[in-house]
Amino acid sequence: MSFVSRPGARTNQARNRNVQTARPLTSHQAGLLRITICACQLLAAGLWCAAFPQQPGTPPASRSAVVTEITSSIVIDGNLDEAPWRRSPKIGELVQRIPRAGQKPTERTEVTLLYDKNNLYIGVMCYDSEPDRVLASQMARDASLNPDDRLSIILDTFRDQSNAFHFSTNPNGALVDGLVFANGETNEDWDAIWIVKTRRSSEGWSAEFAIPFKSLAFPSGQSVWGFNISRIIQRKLEEVRWTGARFQTQFFQVSEAGEITNLDNIEQGIGLDVRPFIAQRWFHSGVTGNDIVRGKPGLDLFYNLTPSLRLSTTVNTDFGETEVDDRQINLTRFSIFFPEKRSFFLQDAGVFNFATTGIDQPGGIPSPGAEIFPFFSRRVGLLRGQEVPIDYGLKLTGRAGRTEIGVLNVRTREIPGVFDSNMFVGRVRQNFLEQSYVGAIFTGGDPARPASRDDPFTPERTSMSTTAGMDIRLATSNFLGTNRNMLVNAWGLKTRKDGVDDKNASFGFGAHYANDRFQGQFQWREIQENFDPELGFVQRSNVRMMRLGASYNPRPNPSSGIQQMFHDVFYTRFTRLDNGLVETWKLYFTLFDWHFMSGDSMHSLFDLNPTYERLFEPFEISPGVVLPPGEYRFTPMRIFFTSAQKRPLQGSIGLTFGNFWSGTAKTVQTGLRYQMPPKFVISLNSNQTFAQLPEGNFIARIFSTQINYAVSPFLSFSNLIQFDNRSGNLGLQSRVRWTLEPGNDLFFIFGQGWIQELGGFYDFRQQDSRLATKLQYTFRF
């Protein structure tokens, strides 16, 4: 997540060459050497800074509150009527951030903090002058709360002003949690054991949180934590906060948090969670009619080696409860990215992030198309879309002082044609100043290590494929003393494989001025032809990329009915490394994009995207439609409208039209969402491209339907139906999650596929059927 996100955001990883001293360096090698020397100088400067100012400074204008220790028990029911809630001091008034920064909120909020030796308790009374208009549509675990009134909390338990735990809820009592890292980036897939209950009344609504200290990491003996709380009043598009109530400050900027004190004599126990599970799978082949039933036990274990260093172990791993991927049709020449969804790899994933992913784009601006992940966890346990069994996995994450550590080792089982494999990832980051770090990463292993054709017992590759690199991030939220955000990063990576001795590096740098009214960014990176991290993801290679962009986003007086106006100009260019020719350039103009106080938003008819593409070889853009080598210039135009999420019936429509490669194309995107709070939500989405080219016409279609029903925050049913005409596959996944109590879950997942018969739009043939169940139970010590 970037520092600044738009309200109602527009809708998202050789061997060393023997050097002969008598041989002069080529110009390319000399350039690489100069860049390497500069990078080393930057890294040395960062290490020098890290050696001295080991403690971060106190954030400006921070607030402080005392957490009251209690000895009597608290019943978590959403009622704040027990004596400790009534008698303990409040943390003070919250301050409006949007729409009128720094002013008094239109509705009062009271926050009380309590603790005993086992739990932190947070009680919040959200007064509302129109309680019948409080919005609450979501109830399922980890649901998106964007359409709702909501509360969000961050806890910076190490007081490092960079990393935190966050917890959110709405008036329905939905449980949403995650991790914050790098002072603004988030991992929303972290799940902790905690509880919240809410209650609505004639005065508004209240929330009562109980967060066990066993669910948190914190240094022993530290009684001061970073803390912030935010309340969203959705019908007014109003946000109020305890600290950091400025337009350019995002809530997950941990550096802007205040502090809470008096957290003495708190306990984590011995820090051991043992979670055995039983998994069962049934598979019915639509081709042979055969049934396969398999079951297995497994174990997940989590142990705090120190209060801030956690060891996670999985044995006989099962991912049967994982959600399916969203469908995508690739109309480009390069790889498309599918995010990780498996829980073991999502937990504490932020520690493995690298500077190549450190600059995000404003909402609605396409990414540059040169994504690099030195470690991409979907390379582990998945091969060409099929699951590879994992025997065991070990993961060590956490910190020692201001040094962050991440180590992952996974052993996969042998499958036909591919040997068993051991994969390793190591990551370290040394934090310095308030928001900066210098780091290194190393990966080793080959997830697709094939057996030799001559000898099936001998792997073809005799040495491990590796990737190694270093990165540095320099960031501040008080740039030149102006309370503005600024980020600069630089990085270098190199891969090593048998038979590949050169052109196997990638390096780059970037700068990002990410603030509310003005944004600017510059990115430059080189991705050499043979750079190919086996455990990573590279979108395109043999290119040098440069991106330059700026945004101007004023906020008119709220009485105008406009919340904010966005205007963007971005330029991206790719140059081939082998011949020096420009391969791609794109300009993106957003002449106006208005977000209204009603929550609706509209993009201009004059969003322009002038594009240049040079093909060096034929490109099959769609089956049977092949574009010949040559130069192509085209200028798509775009209009987009979306209504406010607070409405029971919310919709969006987008139209992209104009020249497209050698012809023309229209892309129509539609979305419709209907909610019956607090239990039922249905959404219908489509993305259709109609292309007319001299080489042939084609249509690319994706349809999806999501039907969700939540009985309570602990029992939910979700159903996803998807179809794309490229594969002709219609798929259904139905998923039930029943949380018996926090940490103990029962999953039922049913999947069914159908294949479209040739020549029949409504004629489908049944394919495979799948059913998976999983019961997991957590014991805490």
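Residues numbered from 1 in each chain as written. Predicted model: local features only at pLDDT ≥ 70, side-chain atom pairs only at ≥ 80, totals over all residues. Heavy atoms only, no water.

## Remarks on the nonpolar core
Right, so step 1: Counting residues in hydrophobic clusters, the biggest one holds 46 residues, and the most contacted among them are Leu120, Ile122, Phe167, Phe209, Trp225, Phe227 and Ile229.
Right, so step 2: Elements supplying a minimum of two residues to this core: strand S4 (109–115), strand S5 (119–127), strand S6 (150–156), strand S7 (164–169), strand S10 (195–201), strand S11 (204–212) and strand S12 (225–233).
Right, so step 3: Aside from chain neighbours lying at most four places away, what touches Trp225 is Leu120, Asp156, Thr157, Arg159, Phe213, Leu216, Phe218, Gly258, Glu259, Ile260, Leu263 and Ile266.
Right, so step 4: Counting residues in hydrophobic clusters, the runner-up holds 27 residues, among them Val351, Phe352, Ala355 and Trp491. (Core = buried A, V, L, I, M, F, W, Y, C linked by side-chain atoms within 4.5 Å. Buried < 20%, exposed > 50% of the residue type's maximum accessible area, 1.4 Å probe, protein only. Helix = DSSP H or I, 4+ residues; strand = E, 2+ residues; numbered from the N terminus. Contact = heavy atoms within 4.5 Å.)

## Examining the environment of Asp325
Right, so step 1: Relative to the elements of secondary structure, Asp325 occurs in the loop between strand S17 (309–315) and helix H3 (343–346).
Right, so step 2: Considered as a pair, Asp325 and Phe338 are 13 residues apart in the sequence and their alpha carbons are 7.1 Å apart.
Right, so step 3: Once residues lying within four places of it in the same chain are set aside, the contact partners of Asp325 are Phe338, Pro339, Lys341, Arg378 and Gln722.
Right, so step 4: At a separation of 2.9 Å, a polar atom in the side chain of Asp325 contacts the side chain of Arg378. (Polar contact = N/O pair within 3.5 Å; in protein donor to acceptor, adjacent residues only side chain to side chain.)

## What about a nonpolar patch on the surface?
Right, so step 1: There is a patch of nonpolar side chains on the surface, built from Leu649, Leu672, Tyr674, Met676 and Leu684 and spanning about 460 Å² of accessible area.
Right, so step 2: In terms of residues, the nonpolar patch owes the most to one element, strand S40 (residues 663–676), which gives three residues.
Right, so step 3: Along the polypeptide, Leu684 turns up in strand S41 (residues 680–693). (Patch = residues over 30% accessible without salt bridge, like charges linked within 9 Å, V, L, I, M, F, W, Y side chains within 5 Å. Areas by Shrake-Rupley, 256 points an atom, 1.4 Å probe, with all protein chains shown as cover. Salt bridge = Lys/Arg side-chain N within 4 Å of Asp/Glu carboxyl O.)

## Describing the sheet that holds S4
Right, so step 1: Read from one edge to the other, the open sheet built from five strands follows the order S2-S4-S5-S11-S10, with strand pairing classed as mixed. The open sheet terminates on both sides in strands that have one partner only, identified here as strand S2 (68–69) and S10.
Right, so step 2: Alignment of S2 against S4, held across two bridges, turns out to be parallel. Within the sheet, the bridge partner assigned to Thr68 lies in S4 and is Leu114. (Pairing = 2+ DSSP bridges.)

## Overview of the side chain of Arg427
Right, so step 1: Along the chain, Arg427 turns up in strand S23 (residues 421–432).
Right, so step 2: For Arg427, a relative accessible area of 3% corresponds to the buried category.
Right, so step 3: There is a polar contact of 2.8 Å between the side chain of Arg427 and the backbone oxygen of Asn353.
Right, so step 4: When sequence neighbours within four positions are dropped, the list of residues in contact with Arg427 reads Val351, Phe352, Asn353, Phe354, Glu404, Ile405, Gly406, Tyr437, Gly439, Ala440, Ile441 and Asp471.

## Side note on unusual backbone geometry
With the exception of glycine, most residues fall at negative phi, and the peptide bonds are largely trans.
Right, so step 1: The residue after Ile98, namely Pro99, is reached through a cis peptide bond having omega 10°.
Right, so step 2: By secondary structure assignment, the location of Pro99 is in the loop between strand S3 (95–98) and S4.
Right, so step 3: In this structure, Pro678 follows Pro677 across a cis peptide bond, with omega equal to 0°.
Right, so step 4: Looking at the element boundaries, Pro678 is found in the loop between S40 and S41.
Right, so step 5: Positive phi outside glycine occurs at Arg159, with the angle close to 50°.
Right, so step 6: Secondary-structure assignment places Arg159 in the loop between S6 and S7.
Right, so step 7: In this structure Arg159 comes out as buried when scored by relative accessible area, which is 14%.
Right, so step 8: Despite not being glycine, Lys503 shows a phi value in the positive range, around 50°.
Right, so step 9: Structurally, Lys503 is set in the loop between strand S26 (486–496) and strand S27 (505–514).

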